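Geometric and topological summary
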Amino acid sequence: MTTQQGSRFFFNVDWITILIYTALCTIGFVNIYASLYNPETSTFFNFSSNYGKQLVYIITGLILGFSILLLDAKFFSVFSPVVYGITMLLLMAVLVVGRKVAGNQAWIPLGAFRLQPSELAKFGTALLIARYVGNFNPKFTDVKSIFFAGLIIGFPLFLIMLQPDTGSALVFLAFMFPLYREGLSGYFLLIFLGMIVLFIADFLVPSYILIPIIAVVGGFFIYQNRRKQKMMFSMILTTIVAIAYLFLVKVAYEKVLEPHQRTRIEIMLGLKTDPKGAGYNVIQSKIAIGAGQLTGRGFLEGTQTKYGYVPEQSTDFIFSTIGEEWGFMGCSVVIGLYIFLLLRVINLAERQRSTFSRVYGYCVASIIFFHVFINIGMTIGIIPVIGIPLPFISYGGSSLWSFTVLLFIFLKLDSNRMGFI
């Protein structure tokens, strides 16, 4: 790299985003240390412990991220099908050679390290979606374009469901938002929200009441649009699909979901209480967060954290450590950093000159938003526990590295936005 190239590289890279990334990683390390603290053995540089390993993951993640910044920006567009293909092969490989942990066969053992292919599949899918939209300029008003985009997203989702890792699979629904930005009808978002409402209603309202309600509402709209043949047909189809969906929910609930997943849904909806079983994690998490009050109990002073009342406190429930030891103010700082990061990424995405870079940027923002919303939601009990990490903060090499690659690829694309069209 010449002096001129080095100078251009330094000034073009969005260092504000890198600063936010570094702040979140630092917060993660400090709170992982707190959640695993043992006064007899704990030092910041105990590399045999999980917080010591996380420090290594952060350092290697930074090296990986800055290595990405040195690559040619066009590399990611040209080789996106290869990256996607490799991540799909890893998803298939984990079904054969993967190690089963907590009921999910989602990790490939590599010595002392465990690789989670579903994390890598996120940026692989984001790259191919961006390549598809950027190169083929699909019109998301026609079935063919929607089908191919759905195929790119649906294939990894299907493979992950076979593990079965429902939480990681649901993250792929986040790709709907970049497609919406590129012209996908808002009706699909309404359908998505309608599916969530019907899913919940299917548990709270008996089928013999819910189905007639849907039929009556559907009949009303069909009658209202009886002179508009196309609209009337759509209403008929929507009503039939909605009723069929209710039956599919029952089948999927009984045949696809694991018993612990069904229990978590029932607890969240208030249909069941299990304070010493499936509901224990969330109850203890809410106690920990509530105990922090405004300013928190202080670093290493959280009793819920110190005595290990909250299971998985360094991974899925790391936010409860933040809440107890740093209080409402600490939680607000973390959430504020995520909001700032998301707004920053969206702002950078909108200034891109290439469709590939813009779509990829929206994929990055959507994936991070989905993870943050779901993870924090499940720690405070408003969303079922589905086991997905808090980006850059939760313990785990696969998670940290995949989010690092996801973000730094976009930073590279943005740094070269004037030359990559």
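For the structure given in this document, a descriptive report is provided here. (Residues numbered from 1 in each chain as written. Predicted model: local features only at pLDDT ≥ 70, side-chain atom pairs only at ≥ 80, totals over all residues. Heavy atoms only, no water.)

1. Remarks on the nonpolar core
In this structure, Tyr360, Phe392 and Ile393 are the most contacted members of the largest nonpolar core, which totals 96 residues. The element contributing the most residues to this core is helix H17 (residues 355-379), with 13 residues. Setting aside anything within four residues of it in sequence, one finds Tyr360 in contact with Phe123, Ala126, Leu127, Ala130, Val405, Leu406, Ile409, Phe410 and Leu413. Counting residues in hydrophobic clusters, the runner-up holds 12 residues, among them Leu198, Ala201, Phe203 and Leu210. (Core = buried A, V, L, I, M, F, W, Y, C linked by side-chain atoms within 4.5 Å. Buried < 20%, exposed > 50% of the residue type's maximum accessible area, 1.4 Å probe, protein only. Helix = DSSP H or I, 4+ residues; strand = E, 2+ residues; numbered from the N terminus. Contact = heavy atoms within 4.5 Å.)

2. Observations regarding the pairing of strand E2 (residues 104-110)
In terms of residue burial, E2 counts as a mostly covered element, since five of its seven residues are buried. As defined by bridge partners, strand E1 (residues 99-101) adjoins E2 across three bridges and the pair is classed as antiparallel. Residue Lys100 lies in a different strand from E2, and its bridge partner there is Gln105. Here three bridges tie E2 to strand E3 (residues 113-115), and the two strands are oriented antiparallel to one another. Considered in E3, the bridge of Ile108 is made with Leu115. Taking the residues that link successive antiparallel strands as the turn, the E2-E3 hairpin has two residues, and the phi of Gly111 there is positive, at about 70 degrees. (Pairing = 2+ DSSP bridges.)

3. What to know about the pattern of salt bridges
Under the defined criterion, the tally for this structure stands at seven salt bridges. As a salt-bridge pair, Glu119 and Lys122 come within 3.0 Å of each other at their nearest N and O atoms. Of this pair, Glu119 and Lys122 both sit in helix H6 (residues 117-136), three residues apart, which is roughly one turn of that helix. Overall, the relative accessible area of 3% leaves Lys122 in the buried class. (Salt bridge = Lys/Arg side-chain N within 4 Å of Asp/Glu carboxyl O.)

4. Thoughts on the side chain of Ser394
Its place among the elements puts Ser394 in the loop between H17 and helix H18 (397-415). Judged by relative accessible area, Ser394 falls into the buried class, the value being 2%. Looking at Ser394, its side chain comes within polar contact range of the main-chain oxygen of Thr315, at 2.6 Å. (Polar contact = N/O pair within 3.5 Å; in protein donor to acceptor, adjacent residues only side chain to side chain.)

5. Things to note about the environment of Leu115
Along the chain, Leu115 turns up in strand E3. Taking the C-alpha atoms as reference, Leu115 lies 9.6 Å from Gly396; in sequence the two are 281 residues apart. Among all residues touching Leu115, those that are not within four sequence positions of it are Leu90, Ala106, Trp107, Ile108, Leu110, Leu120 and Ser398.

6. Details of the packing of helix H16 (residues 318-350) against H17
Any two packed helices are characterised by how steeply their axes cross, that is the angle between the axes, and by the distance between the axes. With their axes 9 Å apart at the nearest point, H16 and H17 run at an angle of 165 degrees to one another. When the interaxial angle is binned, H16 and H17 end up roughly antiparallel. Where H16 crosses over H17, the two elements pack in a sense that is left-handed. Along its contact with H16, which presents Phe319, Ile335, Tyr338, Leu341, Leu342, Val345, Ile346, Ala349 and Glu350, the element H17 presents Arg358, Gly361, Tyr362, Val364, Ala365, Ile368, Phe369, Val372, Asn375, Ile376 and Thr379. Partitioning the contact of H16 with H17 into residue classes produces 15 nonpolar, three polar and two charged. (Axes fitted to C-alpha atoms, helices over the stretch in contact; angles between N-to-C directions. Parallel < 35°, antiparallel > 145°, perpendicular 65-115°, else oblique. Left-handed = near helix turned anticlockwise from the far one by under 90°. Nonpolar A, V, L, I, M, F, W, Y, C, P; charged D, E, K, R; others polar.)

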